[in-house]
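Summary of the model geometry
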Amino acid sequence: RKKVEMEKTRVAQELQTFIDTANAPIFGIDHNGMVNEWNNKSVEITGYSREEVMGKNLVDVYISPDFRESVKLVFDDALNGKLTRNFEFPIFTKDQQRVEVMMNATTRCNVKGEAIGVLGVGQDITERKKVEMEKALVAQDFQTFIDTANA
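Residues numbered from 1 in each chain as written. Predicted model: local features only at pLDDT ≥ 70, side-chain atom pairs only at ≥ 80, totals over all residues. Heavy atoms only, no water.

**As for the overall build of the protein chain**
Across its full length, the protein chain carries six helices and five strands. Ordering the α and β elements of the protein chain from the N terminus gives α-β-β-α-α-α-α-β-β-β-α. On C-alpha atoms alone, the protein chain measures out to a radius of gyration of 20 Å, which is more than a quarter above the 15 Å that the 2.2 N^0.38 rule sets for 151 residues. Dimensions of the protein chain, computed from the C-alpha atoms along their principal axes, are close to 85 × 30 × 25 Å. Relative to its full complement of 151 residues, the protein chain shows a buried share of 34%. Partitioning the contacts of the protein chain with sequence separation of at least 6, the portion at a separation of at least 24 is 39%. Carbon and sulfur atoms form 56% of the exposed surface of the protein chain, whose accessible area is close to 9900 Å². (Helix = DSSP H or I, 4+ residues; strand = E, 2+ residues; numbered from the N terminus. Rg over C-alpha atoms; globule rule 2.2 N^0.38 Å. Buried < 20%, exposed > 50% of the residue type's maximum accessible area, 1.4 Å probe, protein only. Contact = heavy atoms within 4.5 Å. Areas by Shrake-Rupley, 256 points an atom, 1.4 Å probe, with all protein chains shown as cover.)

Set out below in structure tokens:
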């Protein structure tokens, strides 16, 4: 029995190390929306340390007002067992820079299979969004040039 407990502890520590060192922002919230997981990549892209975010309401504190309702809905869906993939939303860094994140949200369950929170695995897509915006502006300028040349 003691050997089984030691193995469980080892696996739990290994999983925690995997989460902490992943090259993607990973965060968790409990059923009340309070942050209970915040990995190194989340610290890197937001500037907020684990100590600053743990126990705070993720949506109310770190999501801009115009996205709070949609982000909360995604988390509520996850708490009810509905996985959300490729959901895009902005999060603001400690120095108020906007970071675009694409996230998958999944239910976090206890050993009884009951939903106890949400685990979000994201990707910083800020640069990709900037390139998309620049392409759209170039296309718009080109179309304006064509329209005025044909006038």
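Resuming the write-up.
**Topic: the pattern of salt bridges**
For the structure shown, the criterion picks out seven salt bridges. For Asp77, the salt bridge is made with Lys82, and the minimal N-O distance between the two is 3.8 Å. (Salt bridge = Lys/Arg side-chain N within 4 Å of Asp/Glu carboxyl O.)

**Some words on helix 5 (residues 65-79)**
Relative to the 21 Å expected for 15 residues at 1.5 Å per residue, helix 5 spans 21 Å between its end C-alpha atoms, a close match to the ideal helical length. For helix 5, every residue scored as buried is listed here: Val71, Val74, Phe75, Ala78 and Leu79. Looking straight down helix 5, one finds that the buried residues subtend no more than 140 degrees of arc, so they occupy a single side. In helix 5, those exposed residues whose orientation departs by more than 90 degrees from the buried face are Glu69 and Leu73. For helix 5, the secondary structure elements touched by its buried residues are strand 1 (26-30), helix 4 (58-62), strand 3 (84-92), strand 4 (98-109) and strand 5 (115-124). Once helix 5 finishes, Gly81 follows within two positions and takes phi at roughly 90 degrees, a positive value. (Expected span 1.5 Å × (residues − 1). Arc of directions from axis to C-beta.)

**Topic: the sheet that holds strand 2 (residues 35-38)**
With antiparallel pairing, the five strands of this open sheet are ordered in space as 2-1-5-4-3. Two strands bound the open sheet, and with one partner strand each, they are strand 2 and strand 3. For this sheet, the mean angle separating the axes of adjacent strands, direction not counted, is 30 degrees. Note: strand 1 against strand 2, three bridges, orientation antiparallel. Residue pairing across strands places Phe27 opposite Trp38, the latter belonging to strand 2. (Pairing = 2+ DSSP bridges. Axes fitted to C-alpha atoms, helices over the stretch in contact; angles between N-to-C directions.)

**Observations regarding the confidence of the model for the protein chain**
Mean pLDDT over the protein chain: 87, with 98% of residues reaching 70 or higher. Here helix 6 (residues 126-149) stands out as the least confident element of the protein chain, with mean pLDDT 74; strand 2 is the most confident, with 96. (pLDDT = per-residue confidence, 0-100.)

**Digging into the packing of aromatic side chains**
Centre distance and the angle of the planes are the two values used to describe a pair of aromatic rings. Per the counting criterion, the structure on display carries five aromatic pairs. With a centroid separation of 6.5 Å and 50 degrees between ring planes, the pair formed by Phe27 and Trp38 is classed as tilted. Taken together, the residues span a long stretch of sequence, with Phe27 in strand 1 and Trp38 in strand 2 at a distance of 11 residues. For Trp38, a relative accessible area of 2% puts it in the buried group. In textbook terms, an aromatic cluster arises when at least three aromatic residues are bridged by ring pairs, as seen for Phe27, Trp38, Tyr48, Tyr62 and Phe75. (Phe/Tyr/Trp six-rings, centres within 6.5 Å; stacked < 30°, edge-to-face > 60°.)

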